[in-house]
Amino acid sequence: MSTPHLPPVLLIHGWAGSFERTWVKGGLADLLRDSGREVLSFDLPGHGTSLKSHDPADYADLASAVFARLDATTLPIDAVGFSLGAITLLGAVVRQPSRFRKVVLAGIGDGVFEPHDPRRTDKILAGLEGRAAPDDLTARIFGKIGNEPHNDPRALAAVLRRPRQEPFTVSQLGNVTAEVLVALGDKDFSAPADRLAAAFVHGRLASLKGVDHFRTPESFEFIDAVLDFLES
């Protein structure tokens, strides 16, 4: 049974993840349901149960998939996004801020204000395609995740090669009326995130002690921070 006075919660996973493997396996979905919240399942295009195109152009506007998922939901919702899911969620929030009550952005930082660096994409692609240097642990981890049996590596590569939009601006984020929690591990390569959190009218930063990028969705520190933030 959902909690009458609190809205549904949309959960958006990161690159090479899925609703099932990120939020159900990690425990957050069930904990939210146990607290009485309705949880909206969602797989990013190219992931999980979604269609898996191999054309990068089909992933140019990931935020549109969020709005397609929310078409039947008229009231403002709560939402949690991790990594690529957080970037996608942020794009949706900036475009239609009135659709969101509380927002958690995890695994992203001040880099959202900078133009896309293709070297970062190349690093992940090298891992995905088995070209990463033996000592490039980050690329190799991305490659291992992307090549797990449930994934389509060609679709994931197309997601990485998608046309990129302009970086976010402080003024755009300043128009967001939702409460925003930026949750970032102190060992995450996306750090820092002070400027990102400060750009929102109602934003704050939660630093997750001892947590790196890949462990974020299932870390107790992250889950506790999300539950505390969304409970009212």
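Refer to the structure above for everything that follows.
Nothing here was measured: the structure is a model prediction, and the numbers come from that model.

Examining the overall build of the protein chain
1) Next: Check the secondary structure of the protein chain and you find 10 helices and 6 strands.
2) Next: Its C-alpha atoms give the protein chain a radius of gyration of 17 Å, near enough to 17 Å, the size a compact globule of 232 residues would have.
3) Next: The principal-axis extents of the C-alpha atoms in the protein chain amount to approximately 50 × 35 × 35 Å.
4) Next: Counting only residues that meet the buried cut, the protein chain has 53% of its 232 residues in that class.
5) Next: The contacts in the protein chain between residues at least 6 apart in sequence include a share of 72% that link residues at least 24 apart.
6) Next: Put simply, the protein chain shows about 11,000 Å² of open surface, and 53% of that area lies on carbon and sulfur atoms.

Brief notes about unusual backbone geometry
1) Next: Of note, the amide linkage connecting Ala 191 to Pro 192 takes the cis form, showing an omega dihedral of 0°.
2) Next: Mapped onto the elements of the fold, Pro 192 is located in the loop between β5 (179-185) and α9 (194-199).
3) Next: Here the phi dihedral of Ala 16 falls at roughly 70°; this positive angle occurs in a residue that is not glycine.
4) Next: Position of Ala 16 relative to the elements: it lies in the loop between β1 (9-12) and α1 (19-24).
5) Next: Relative accessible area serves as the criterion here: at 3%, Ala 16 is assigned to the buried category.
6) Next: Its identity as a non-glycine residue notwithstanding, Ser 83 has a phi of 55°, on the positive side.
7) Next: Following the sequence through the fold, Ser 83 ends up in the loop between β3 (77-82) and α4 (84-95).
8) Next: What makes Ser 83 buried here is its relative accessible area of 15%.

Some thoughts on the packing of helix α5 (residues 118-128) against helix α6 (residues 137-146)
1) Next: Their axes nearest at 7 Å, the elements α5 and α6 cross at an angle of 55°. With respect to α6, the axis of α5 lies oblique. The interaxial crossing formed by α5 with α6 has right-handed handedness. Counted together, Lys 123, Ile 124, Gly 127 and Leu 128 of α5 and Ala 139, Phe 142, Gly 143 and Gly 146 of α6 form the full contact between these two elements.
2) Next: For the contact of α5 with α6, a count of residues per class yields 4 nonpolar, 3 polar and 1 charged.

Each value, and the rule that gives it
Residues numbered from 1 in each chain as written. Predicted model: local features only at pLDDT ≥ 70, side-chain atom pairs only at ≥ 80, totals over all residues. Heavy atoms only, no water. Helix = DSSP H or I, 4+ residues; strand = E, 2+ residues; numbered from the N terminus. Rg over C-alpha atoms; globule rule 2.2 N^0.38 Å. Buried < 20%, exposed > 50% of the residue type's maximum accessible area, 1.4 Å probe, protein only. Contact = heavy atoms within 4.5 Å. Areas by Shrake-Rupley, 256 points an atom, 1.4 Å probe, with all protein chains shown as cover. Axes fitted to C-alpha atoms, helices over the stretch in contact; angles between N-to-C directions. Parallel < 35°, antiparallel > 145°, perpendicular 65-115°, else oblique. Left-handed = near helix turned anticlockwise from the far one by under 90°. Nonpolar A, V, L, I, M, F, W, Y, C, P; charged D, E, K, R; others polar.

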